[in-house]
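What the coordinates show
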Amino acid sequence: MRDFIASRLGLPVLASQHGRTVDDLIIYVHLLMIVLFAGWLAYFFYALLRFRRSRNPKADYLGVRGHASSYIEVAVAAIEGVLLLGVAVPMWGKAVGGFPADSAATRVQIVGQQFSWNVRYPGNDNEFGKQDMNLVNTTNLFAVLPDDPKGKDDVQVLSLGEMHVPVDKPVIAYISSRDVIHSFKIIAMRVTQDAIPGMRIPIWFVPTQTGRYQINCAQLCGNAHSQMSSGILVVESKADFDKWLATKSGPVQSLE
Ligand SMILES: [Cu+2]
């Protein structure tokens, strides 16, 4: 039943763990709206008929005497309250407060720029080398301190065509921007986060299905904004991911 409704609503492919709750909320809200729409429409036609001129030659200034409408209003408000407090707030609470441990996650830094995405991996030690934002330039986009030992095994993938992550392992992504405000969005993962210059905002999700998923920029960011949707998130087995990462070169790369 749920899958039938999801397909009727045209929900996009889902490939992340928390995404099911996102879709559930969308489905509940639509069901409620369908009920309200049908109810209002039925009442509209009832009122046209019941209060037609030929049956009511004289206006009744007292109006409704029953309490049915009040009860219905309270019921609708209660359902909305349940959706907000029972589904939406807990989901948001988990998104911002339920981060997995760093050691159990694939960690990446993502920097948007006009008009592509750049990704930095912490390498085998799972720790990013130190950064100093004064060092940002065209050949050192992530402002890496070149002599920090923790950064020696870091990996940068610039002007991204593809970003790879292993399946069934949480991903923590720190989102930022090099120039204007972008928005990092992967519809299949049900994540969206504005990329804001000077801020590093973490998000997390658990990819549950291998495959290739489009990355979008969800913030109109300039002439070639639509180009930023050429990015692809590749979710693959751990072995394939390790193989891919090994083919990428070291901590600092030139942009070209
Ligand atoms: Cu953008």
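The structure contained in this document is the topic of the report that follows.

Quick notes on the rules
- Residues numbered from 1 in each chain as written.
- Predicted model: local features only at pLDDT ≥ 70, side-chain atom pairs only at ≥ 80, totals over all residues.
- Heavy atoms only, no water.
- Donors = N, O, S within 2.8 Å, 3.2 Å for Na, K, Ca; no water.
- Tetrahedral: all angles 85-135°; square planar, octahedral: opposite > 155°, others 65-115°.
- Helix = DSSP H or I, 4+ residues; strand = E, 2+ residues; numbered from the N terminus.
- Buried < 20%, exposed > 50% of the residue type's maximum accessible area, 1.4 Å probe, protein only.
- Pairing = 2+ DSSP bridges.
- Axes fitted to C-alpha atoms, helices over the stretch in contact; angles between N-to-C directions.
- Contact = heavy atoms within 4.5 Å.

A few points about the coordination of the copper ion
Where a metal carries four tetrahedral donors, each ideal angle is 109.5 degrees; where it carries six octahedral donors, the ideal angles are 90 or 180 degrees. Around the copper ion, the protein contributes the donor atoms His182 (ND1), Cys217 (SG), Cys221 (SG) and Met228 (SD), which lie 2.1 to 2.3 Å from the metal centre. Of note is the copper ion, whose four donor atoms meet at the metal with angles of 95 to 125 degrees in an arrangement that counts as tetrahedral. Of note, the copper ion draws all its donor residues from one chain, in the sequence arrangement H-x34-C-x3-C-x6-M. Pair noted here: histidine 182 is in strand S6 (residues 182–186) and cysteine 221 is in the loop between strand S9 (211–217) and strand S10 (231–236), with a separation of 39 residues, a long-range link.

Some words on the pairing of S10
In terms of burial, S10 is largely enclosed, as six of its six residues are buried. Of the two faces of S10, the one carrying Gly231, Leu233 and Val235 and the one carrying Ile232, Val234 and Glu236 are both buried. In terms of strand pairing, strand S4 (residues 162–166) meets S10 through five bridges, oriented parallel. When the bridges of S10 are listed, proline 166 appears paired with glutamate 236. The pairing of S9 with S10 spans five bridges and is antiparallel. The residue of S10 that forms the bridge with tyrosine 213 is leucine 233.

Points about the sheet that holds strand S7 (residues 191–195)
Strand order across the open sheet formed by five strands is S4-S10-S9-S6-S7, with mixed pairing between neighbours. Edge strands, defined here as strands with exactly one partner in the open sheet, are S4 and S7. Looking at each pair of strands side by side, their axes are set apart by 25 degrees on average, direction ignored. Two elements, S6 and S7, share five bridges in a ladder whose sense is antiparallel.

Some words on the sheet that holds strand S8 (residues 201–205)
Reading across from one edge, S3-S2-S1-S5-S8 is the order of the five strands in this open sheet, with mixed pairing throughout. In the strand order of this sheet, the two ends are held by strand S3 (155–157) and S8, each with one partner. Going across the sheet, the axis of each strand differs from the next one's by a mean of 25 degrees, ignoring polarity. Taken together, the five bridges between strand S1 (residues 106–113) and strand S2 (residues 116–121) define a ladder with antiparallel strand orientation. Counterpart to glutamine 109 in the pairing with S2 is arginine 120. Relative to S2, helix H4 (residues 238–246) is tilted by about 100 degrees, and along the sheet it contacts S1, S2 and S3.

Keep in mind these numbers describe shape, not what the thing actually does.
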